[in-house]
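# Observations on the three-dimensional arrangement
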Amino acid sequence: MSTNDSPIHDSVGRASSWVPSDREVERIAQRKVIARKRIAVATLSSVLVLGALIIAIVTSPGFRVVQETFFDVSYGRAVLHIVARGLVTNIMLTIIASIVIGIFAMTLALLRTSRSAALTPFRILATAYVDIFRGVPLLLVILLIGFGVPALRIHGLTSSVLVLGTVAVVMTYSAYVAEVLRSGILSVHPSQRAAARSLGLSQSQTLRFVVLPQAIKRVIPPLLNDLVALLKDTGLVSILGVIDAVRAAQIDASRTFNYTPYVVASLLFLCITIPLTRYTDRTLLRSIARQNAQGAA
Amino acid sequence: MNVLEVRNVRKCFGTDVVLEDLSLTVPEHTATVLIGASGSGKSTLLRCINLLDDIDDGSIVLDGQEITDPAIDVDVIRRRLGMVFQSFNLFPHMSVLDNITLSPIWVHGVSKDEAQSQAMELLKRFDLGDKAQQFPDRLSGGQQQRVAIIRSIAVRPRLLLLDEVTSALDPVLVNEVLSIVRDLKQDGMTMVLATHEMGFATQVADEVCFLESGRIVERGPASQVISNPQLPQTQEFLKRVHEAGRL
Ligand SMILES: Nc1ncnc2c1ncn2[C@@H]1O[C@H](COP(=O)(O)OP(=O)(O)OP(=O)(O)O)[C@@H](O)[C@H]1O
Ligand SMILES: [Mg+2]
């Protein structure tokens, strides 16, 4: 306590007696002028560029038609609740899928990074799995599982397109997320393991207390990126007939030959993805700052 | 009674022979200091004793039990050994207190309250009482290394291995770390340490071993090996250390 008191007094005392020199006053004024100029330039260039863009679009020969078929405000308002109800399906699907993906991908990543002899066959299988599902387009996986599994007519197996579509998304995304997690695990320096093992921690305790917490912290930004991509890609299950936001918009648009529902669906997706991507950006910058600070220490 | 016996150990990395026919005996409550040029095998020997690396011949015996027996549970053996690394290796995602109590709680089955109060006692003893809740990246290098030493002695090891614990530090910070090691020696801790600090080696060593290319070529009390070396290689090495301004 007493050691903390004296420096505070010191700085307060100095602050009250300090009067900026003439040169400093002059510099502050100069900086203000420069800042004002920068703002003026930025505003002017933004207005010019964006204005030119808007004028180019509005004056284009097809603009009237485009406005009517894509940006019909009253029609948009009418379909909003239908598309929004579809979006709930996308969101639910994203939540459920991301939980399952998290568990499955972590299993794959742990298998791939383990060195245990007993797990060798599983390690090979995990590697093959990741290679295959990273190599096949998601749309094909959805089609194969959505139409292929029911065709097998295995008794007791679901033929719900919603479930099958989710399974397809989970299978593909698990392969991606497993690789992200694995790279995080491998990025933890071997000396951290050595320190943990030399304290007597077992292989699995080392993983649980030392390696995974550091690995996961490092891969949170890319994982958030994958979450945004996942939300968008849930729209692909509409191909199986699942009524999600994309499908709901499609049904209405094909009835009226007006594409405003697609624009509405896009805007709804953006309402969720933009905050998410902004947040991802912030966590990325923060984690880079933290790593730089650690490097300097 | 001997805590550690290293018998005719050989260690290779590929075709490089890094330790050759190396033997060492460490009686209870004594400190053995390893000196030698960079690459002479000091770290490798410590890592082999701690079972972080497998040896290629010979045997290592801890309290009369051969720990290089392939059937042995290395986790159980490591509970009796403490190791401090040149680069601290604190866990960056844990507070100082959590770093220290991790092993007592999860490996040695000490209750959380007891582990924390023991850790606080050690931290206070070594002037780090106010750093318990800090994260490692907020500490100076010397403070980090002191925490690392406390972490390794919190489980009361039979044998403490210290690998150049001051060589990553500013000269001004070296002393605060060395004074901990001196205190531990006074407490009767048995230890093996590699160091380039010859003055410090002279103070704590019961035996000094000079390594050259993986062999101990000269050994004896510090008064002999450091103050009055017999072999030309040892003399040459000490002259170079002296020139580097460390003596
Ligand atoms: N993992 C490894 N793979 C291959 N060679 C290694 C490995 N670790 C150490 N060596 C080699 O073993 C020899 C001894 O290294 P060691 O780290 O034990 O030396 P040291 O005496 O601790 O040196 P320093 O004083 O620089 O720490 C060196 O020639 C080094 O190149
Ligand atoms: Mg070394």
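Everything below is about the structure shown above.
Residues numbered from 1 in each chain as written. Chains lettered and ligands numbered in written order. Predicted model: local features only at pLDDT ≥ 70, side-chain atom pairs only at ≥ 80, totals over all residues. Heavy atoms only, no water.

### Observations concerning the pairing of strand β6 (residues 81-84) of chain B
Regular strands place side chains that alternate from one sheet face to the opposite one. Residue and element names in this part refer to chain B. A two-sided burial pattern is seen for β6, the buried positions comprising Leu81 and Met83 on one face and Gly82 and Val84 on the other. Looking at chain direction, β6 and strand β7 (residues 159-163) are connected through 4 bridges and run parallel. Within the sheet, the bridge partner assigned to Gly82 lies in β7 and is Leu160. (Buried < 20%, exposed > 50% of the residue type's maximum accessible area, 1.4 Å probe, protein only. Helix = DSSP H or I, 4+ residues; strand = E, 2+ residues; numbered from the N terminus. Pairing = 2+ DSSP bridges.)

### So, the nonpolar core
Ranked by size, the top nonpolar core spans 50 residues in total, and within it B:Ile35, B:Leu123, B:Leu184 and B:Met191 carry the most contacts. If one sorts the elements of this core by residue count, helix α6 (residues 171-187) of chain B sits on top with 7 residues. Setting aside residues no more than four positions away along its own chain, B:Leu123 makes contact with B:Val96, B:Leu97, B:Ile100, B:Leu128, B:Gly129, B:Ala132 and B:Ile150. Core analysis: the next-biggest nonpolar cluster, separate from the first, contains 42 residues, A:Ala194, A:Ala196, B:Leu24 and B:Leu51 among them. (Core = buried A, V, L, I, M, F, W, Y, C linked by side-chain atoms within 4.5 Å. Contact = heavy atoms within 4.5 Å.)

### Some points on the site of ligand 1
Residue and element names in this part refer to chain B. Taken together, Phe13, Val18, Ala37, Ser38, Gly39, Ser40, Gly41, Lys42, Ser43, Thr44, Glu164 and His196 make up the full set of residues near ligand 1. Separating an oxygen atom of ligand 1 from a side-chain N or O atom of Ser43 is a distance of 2.6 Å. Contact with the protein chains covers 58% of the free accessible surface of ligand 1, which is 630 Å². A per-element tally of the shell around ligand 1 places helix α1 (residues 42-49) first, with 3 residues. By residue class, the composition of the shell around ligand 1 is 3 nonpolar, 7 polar and 2 charged. (Near = heavy atom within 4 Å. Polar contact = N/O pair within 3.5 Å; in protein donor to acceptor, adjacent residues only side chain to side chain. Areas by Shrake-Rupley, 256 points an atom, 1.4 Å probe, with all protein chains shown as cover. Nonpolar A, V, L, I, M, F, W, Y, C, P; charged D, E, K, R; others polar.)

### Regarding the pattern of salt bridges
Residues and elements named next belong to chain A. Applying the stated criterion across every chain, the model contains 19 salt bridges over all chains. The partner of Glu179 in a salt bridge is Arg112, and the shortest N-O contact between them spans 2.8 Å. Of this pair, Glu179 sits in helix α7 (residues 161-187) while Arg112 sits in helix α4 (residues 73-113); the two residues are 67 residues apart in sequence, bridging distant segments of the chain. What makes Glu179 buried here is its relative accessible area of 14%. (Salt bridge = Lys/Arg side-chain N within 4 Å of Asp/Glu carboxyl O.)

### Quick look at the interface of chain A and chain B
With 21 residues of chain A at the interface, the matching set in chain B holds 21 residues. At the boundary of chain A with chain B, total buried surface from both sides reaches about 1,900 Å², with 62% on carbon and sulfur atoms. The three residues of chain A that bury the most area against chain B are A:Ser198, A:Leu199 and A:Phe209, which together make up 32% of that side's buried surface. Scanning the region where chain A abuts chain B turns up 1 salt bridge. The shortest N-O distance in the salt bridge between A:Arg197 and B:Asp75 comes to 2.7 Å. For the pair chain A and chain B, the number of links is 6 residue pairs in polar contact (both at pLDDT 80 or more). The residue makeup of the side of chain A that touches chain B, split by class, is 9 nonpolar, 9 polar and 3 charged. (Buried area = accessible area lost by both parts, 1.4 Å probe.)

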